[in-house]
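# Structural description and commentary
Each chain, letter by letter, is given below.
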Amino acid sequence: QLQLQESGPGLVKPSETLSLTCAVSGGSVSSSNYYWGWIRQPPGKGLEWIGSIYYSGYTYYNPSLKSRVTISVDTSRNQFSLKLSSVTAADTAVYYCARRRSAAPFDYWGQGTLVTVSS
Amino acid sequence: DIQMTQSPSSLSASVGDRVIITCQASQDISNYLSWYQQKPGKAPKLLIYYASNLETGVPSRISGSRSGTDFTFTISSLQPEDIATYYCQQYDNLPLTFGGGTKVEIK
């Protein structure tokens, strides 16, 4: 059974960079035809797709965040990562990592991790 | 970006009632529409993909349909365990976009 687990600091200061990692178990980030993505949800609000990385390393970002986002994959550790720079209070959210196949929705999700941006 | 307009934003119904949630896409997305259920403090759970296909293990009282750019999510007989917020999501075009959510409560 595929499992995803987010990890990273729960508190980030304004203007700094948010960094999260998603550890994958029960499957491989190198498997063909899979995209590994990040989605966030501000407290009490809806879902926003941040971006995804293909198993080959090709990345796709939401244009609304593209200038601040970097998603990378570490096949040796079977994990992928999110970096969001120049954060503000508006970036406070629960961040989820998830998997989807080509032309399919997200079928496996991590439990989510709350990141608060505050000084 | 494709806008997903979901309605209502909330509803209250009795156990056994039929519940209908709609999602309208701002342009043609074919059948590339999914529905998720999210309970408080939990990650979204995929229920329906390709507009009307049930994910394994999803009860048959749940269904989805499409008419053009309008999509419908139906619970034929609301059960207490269906209390949650439901989201639609299109995966036809990037950026992937979600509807605003529908909170379903028991009357």
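An account of the accompanying structure is given in this report. (Residues numbered from 1 in each chain as written. Chains lettered and ligands numbered in written order. Predicted model: local features only at pLDDT ≥ 70, side-chain atom pairs only at ≥ 80, totals over all residues. Heavy atoms only, no water.)

Each helix and strand counted, chain A has 0 helices and 11 strands in total. In sequence order, chain A lays out its α and β elements as β-β-β-β-β-β-β-β-β-β-β. In terms of overall dimensions, chain A has a C-alpha envelope of 40 × 30 × 25 Å along the principal axes. Every one of the 119 residues in chain A was classed for burial, and the buried ones make up 48%. Of the contacts formed within chain A by residues at least 6 apart in sequence, a portion of 54% connects residues at least 24 apart. Computed over 10 positive and 6 negative side-chain charges, the separation of the two mean positions in chain A equals 3 Å. (Helix = DSSP H or I, 4+ residues; strand = E, 2+ residues; numbered from the N terminus. Buried < 20%, exposed > 50% of the residue type's maximum accessible area, 1.4 Å probe, protein only. Contact = heavy atoms within 4.5 Å. Lys, Arg positive; Asp, Glu negative; His and termini not counted. Charge placed at Lys NZ, Arg CZ, Asp CG, Glu CD.)

It is worth spelling out the layout of surface pockets at this point. Volume-wise, the largest pocket comes out at about 440 Å³. Around the largest pocket, the lining is made up of 27 residues, and of these Gln41(A), Gln38(B), Pro40(B), Thr85(B) and Tyr87(B) lie nearest the centre. When residues of the lining of the largest pocket are traced back to their parent elements, those giving at least two are β9 (93–101) of chain A together with β9 (84–90) and β11 (102–106) of chain B. The element best represented in the lining of the largest pocket is β11(B), accounting for 4 residues. Across the lining of the largest pocket, the residue classes tally to 9 nonpolar, 13 polar and 5 charged. In this structure, the second largest pocket spans a volume of roughly 360 Å³. Counting residues per element, the lining of the second largest pocket draws most heavily on strand β10 (residues 106–109) of chain A, which supplies 3 residues. Considered class by class, the residues forming the lining of the second largest pocket number 8 nonpolar, 4 polar and 3 charged. (1 Å grid on protein atoms, 1.4 Å probe; cavity = no way out; pocket = protein on both sides within 12 Å on 5 of 7 lines; lining within 4 Å. Points joined across faces, edges and corners; volume = space filled by probe spheres on them. Nonpolar A, V, L, I, M, F, W, Y, C, P; charged D, E, K, R; others polar.)

Residue and element names in this part refer to chain A. Per the counting criterion, the structure on display carries 10 salt bridges over all chains. The closest approach of N and O atoms between aspartate 91 and arginine 40, which form a salt bridge, is 2.8 Å. You can see aspartate 91 sitting in the loop between β8 (79–84) and β9 and its partner arginine 40 sitting in strand β4 (residues 34–41), a full 51 residues away along the chain. Exposure remark for aspartate 91: the relative accessible area of 2% places this residue in the buried category. (Salt bridge = Lys/Arg side-chain N within 4 Å of Asp/Glu carboxyl O.)

This part takes up the environment of Tyr91(B). The topology assignment puts Tyr91(B) in the loop between β9 and β10 (97–98). On a C-alpha basis, the gap between Tyr91(B) and Tyr49(B) in space is 9.8 Å, while along the polypeptide they are 42 residues apart. Sequence-distant contacts of Tyr91(B), that is, excluding residues within four places in its chain, are made with Arg100(A), Ala103(A), Ala104(A), Pro105(A), Asn31(B), Tyr32(B), Leu33(B), Ser34(B), Tyr49(B), Tyr50(B) and Leu96(B). For Tyr91(B), the side chain forms a polar contact with the main-chain nitrogen of Tyr50(B), separated by 2.8 Å. (Polar contact = N/O pair within 3.5 Å; in protein donor to acceptor, adjacent residues only side chain to side chain.)

We now examine the pairing of strand β7 (residues 69–74) of chain A. Residues and elements named next belong to chain A. Sheet topology note: the β7/β8 ladder contains 6 bridges and is antiparallel. Residue threonine 70 lies in a different strand from β8, and its bridge partner there is lysine 83. Two successive antiparallel strands, β7 and β8, enclose a turn made up of 4 residues, where asparagine 78 displays a positive phi of approximately 55°. (Pairing = 2+ DSSP bridges.)

Note the cis peptide between Ser7(B) and Pro8(B), where omega equals -5°. In this structure, the amide linkage connecting Leu94(B) to the following residue, Pro95(B), adopts the cis form with an omega of 0°. In this structure, Asn33(A) takes a positive phi of about 75° despite not being glycine. Note on placement: Asn33(A) falls in the loop between β3 (18–25) and β4. Positioned with a positive phi, Ser86(A) is a non-glycine residue whose angle comes to about 50°. Structurally, Ser86(A) can be placed in the loop between β8 and β9. Relative accessible area serves as the criterion here: at 43%, Ser86(A) is assigned to the partly exposed category.

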